[in-house]
Each structure stands twice: as C-alpha cells, then as structure tokens.
Amino acid sequence: AQSVTQLGSHVSVSEGALVLLRCNYSSSVPPYLFWYVQYPNQGLQLLLKYTSAATLVKGINGFEAEFKKSETSFHLTKPSAHMSDAAEYFCAVSDQTGANNLFFGTGTRLTVIP
Amino acid sequence: ETGVTQSPTHLIKTRGQQVTLRCSSQSGHNTVSWYQQALGQGPQFIFQYYREEENGRGNFPPRFSGLQFPNYSSELNVNALELDDSALYLCASSQPSGSGSDTQYFGPGTRLTVL
C-alpha cells in the first residue's frame, strides 16, 4: 500500500529565506511522487513530479524536490521564499493500479512573513 | 486549451437530500477522477472513470456514484446526504500513459455544505 506523511502542518518562513517542506513516503513498489500547491478557494496545481528519471526534480515557480530512496523522502525546497508562495502544499504518491489514484498527505500550510 | 471546470462552485443541501456535481475534463483527456477534501485534510480518492466505465474506487459507500459521458465530462452523485459529506469535491482529468506517472489536472472544486 502507498501512503505519504507530511511533517509539520504549518511552516513559517521569512521572505527570502529557504523553504523546506517535508514528505516521507511508504510504497511497496518504486513510487511515483507528486507535489501539488493549493491556493485559497482554488483547486490543486502540480508543482513537480518524480517518475524515476532523475532524483532531483525541478518544478514551477523555483521549487525543486529530491527523491532519496534510503530515507524514503521527497522533500520540497525553494532557495528564497516569496510572498506569493503562501499556500497549502500537498505531497502525493500514485498507487500505480489501473486507476493510478493519488494518495495525499494531510498538507503543510506555508506562511511567508514579510 | 481549456482546463478542468466544475459546477456549481458552491452548494448548500440538507441531510437526506441528493446532490449532483459536474465536471468537464481538460481538452484531450479521457479520464476523470473525483476526490473529496474535508476541511484541513488532503484529498481522498472517490472513484475514477475511463471511457465511460468506472475504473477504480476508493473507500466510499455506494451512495456515492458517478457517470462519464461520451464527451468525457462527468457527474458525481451523492444520495442520502450526511453532515460528514460537507467538503470540497475536486475533479481531476488525465490522459493515461500506461504507467502510474500520469499527471492529474484539477478543477477549482465544488464546495458542498450539508446542514
């Protein structure tokens, strides 16, 4: 069975500081992993995904994530936070069955302090 | 390219009523998945439709049902509404590649409140 755990339901950073959002996964097969962002009253937007091609994945808006099999982690980072990054971030793993449905974590709310 | 659209945006119902939510998939996508996102939680998979057939189902009771039409748009129907059905319902479309790495593109959601 596949699952993800997001450590820290709330993270606050100063504008310009490093953003680090943590995600650990559990999967019985090599995982496909995703990070989505959700702005208030909106749906989810894909930031990036890992599909085993490269362990360091670059996404939109300056975000990137590194797949570490030994640590079963897929943490999301951004070198310098911007006010517009304030949102809810979800890590997800695909179950890789016929439906390929996504198992989401409980989310991390990022606050950026000016 | 048209993205995923959902209607209505908001809906208020009372316990025991029935509701239908609608979703139009992104152009070129033949697969639609529905998710329920309770307040403060991550989305949970309800079911998926591929070429008008149910292609997988999460841990939701039979009173949650769906349809997909020849144009790949989809409906989610919920009967006998309960208070715990209050949530944001998200629709996502995708184009299967045969692997588990398909990107799902989400609509803005329908906020359902059950009183």
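Residues numbered from 1 in each chain as written. Chains lettered and ligands numbered in written order. Predicted model: local features only at pLDDT ≥ 70, side-chain atom pairs only at ≥ 80, totals over all residues. Heavy atoms only, no water.

Q: What should I look at first to understand the sheet that holds strand β8 (residues 73-78) of chain A in this one?
A: Sheet strands pair by backbone hydrogen bonding; their relative direction is either parallel or antiparallel. All names here are of chain A. The strand order β1-β3-β8-β7-β6 describes an open sheet built from five strands, whose pairing is antiparallel. Two strands lie at the open edges of the sheet, namely β1 (3-7) and β6 (56-58), each paired on one side alone. Each adjacent strand pair in this sheet contributes to an overall mean axis angle of 20°, direction not counted. In terms of strand pairing, β6 meets strand β7 (residues 64-68) through three bridges, oriented antiparallel. Opposite leucine 56, over in β7, you have glutamate 66 as the bridge partner. (Pairing = 2+ DSSP bridges. Helix = DSSP H or I, 4+ residues; strand = E, 2+ residues; numbered from the N terminus. Axes fitted to C-alpha atoms, helices over the stretch in contact; angles between N-to-C directions.)

Q: I would appreciate a short explanation of the packing of aromatic side chains in the present structure.
A: Think of a pair of aromatic rings as described by two things: how far the centres are apart, and how the planes are tilted against each other in angle. A complete count under the given rule lists 14 aromatic pairs over all chains for this structure. Ring geometry for phenylalanine 34 of chain A versus tyrosine 36 of chain A: centroids 6.4 Å apart, planes at 25°, classification stacked. Judged by its relative accessible area of 0%, phenylalanine 34 of chain A falls in the buried class. Where phenylalanine 104 of chain A meets tyrosine 35 of chain B, the ring centres are 5.7 Å apart and the plane angle is 90°; that geometry is what we call edge-to-face. (Phe/Tyr/Trp six-rings, centres within 6.5 Å; stacked < 30°, edge-to-face > 60°. Buried < 20%, exposed > 50% of the residue type's maximum accessible area, 1.4 Å probe, protein only.)

Q: I'm lost on the state of the cysteines in this one. Help?
A: Structurally, a disulfide amounts to a covalent bond that connects the sulfur atoms of two cysteines. Here the structure, examined in full by the defined rule, presents two disulfides over all chains. Between the sulfur of cysteine 23 of chain A and that of cysteine 91 of chain A lies a disulfide, 2.0 Å long from S to S. The chirality of the disulfide connecting cysteine 23 of chain A with cysteine 91 of chain A is left-handed, given an S-S dihedral of about -60°. Taken together, the residues cysteine 23 of chain A in strand β3 (residues 19-26) and cysteine 91 of chain A in strand β9 (residues 87-94) connect sequence positions 68 residues apart. An identical accessibility class is assigned to cysteine 23 of chain A and cysteine 91 of chain A; each is buried. There is a disulfide in this structure between cysteine 23 of chain B and cysteine 91 of chain B, and the S-S distance comes to 1.7 Å. Where cysteine 23 of chain B bonds to cysteine 91 of chain B through sulfur, the torsion about that S-S bond is close to -55°, and the disulfide is left-handed. One end of the pair, cysteine 23 of chain B, is in strand β3 (residues 19-24); the other, cysteine 91 of chain B, is in strand β9 (residues 87-94), and 68 residues separate them in sequence. The residues cysteine 23 of chain B and cysteine 91 of chain B share a single accessibility class, namely buried. (Disulfide = S-S within 2.5 Å.)

Q: How should the side chain of serine 33 of chain B be read in this particular structure?
A: Residue and element names in this part refer to chain B. Here serine 33 lies in strand β4 (residues 31-37). For serine 33, a relative accessible area of 1% puts it in the buried group. One polar contact links serine 33 to glutamine 48, side chain to side chain, over a distance of 3.1 Å. Sequence-distant contacts of serine 33, that is, excluding residues within four places in its chain, are made with Phe45, Phe47, Gln48, Leu90, Cys91, Ala92 and Gln104. (Polar contact = N/O pair within 3.5 Å; in protein donor to acceptor, adjacent residues only side chain to side chain. Contact = heavy atoms within 4.5 Å.)

Q: What should I look at first to understand the sheet that holds strand β8 (residues 74-78) of chain B in this one?
A: Residues and elements named next belong to chain B. Pairing is antiparallel across the open sheet formed by four strands, whose spatial order is β1-β3-β8-β7. Whereas interior strands pair on both sides, the edge strands pair on one side only; in this sheet they are β1 (5-7) and β7 (64-68). This sheet shows a mean twist of 20° between the axes of neighbouring strands, independent of strand direction. As paired elements, β3 and β8 share five bridges and run antiparallel to each other. Bridge assignment links arginine 22 to a residue of β8, and that residue is glutamate 75.

Q: Help me understand the interface of chain A and chain B, please; the structure alone is not making it clear to me.
A: By a widespread convention, an interface's size corresponds to the accessible area lost as its parts come together. Tallying the contact residues gives 21 residues for chain A and 21 residues for chain B. Together chain A and chain B conceal approximately 1,600 Å² of surface at their shared face, both sides included; 52% is due to carbon and sulfur atoms. Applying the counting criterion to the chain A and chain B interface returns zero salt bridges. Linking chain A with chain B are four residue pairs in polar contact (both at pLDDT 80 or more), by the criterion used here. Only β4 (33-38), β5 (44-50), β9 and β10 (102-104) of chain A provide two or more residues apiece to the side of chain A that touches chain B. (Buried area = accessible area lost by both parts, 1.4 Å probe. Salt bridge = Lys/Arg side-chain N within 4 Å of Asp/Glu carboxyl O.)

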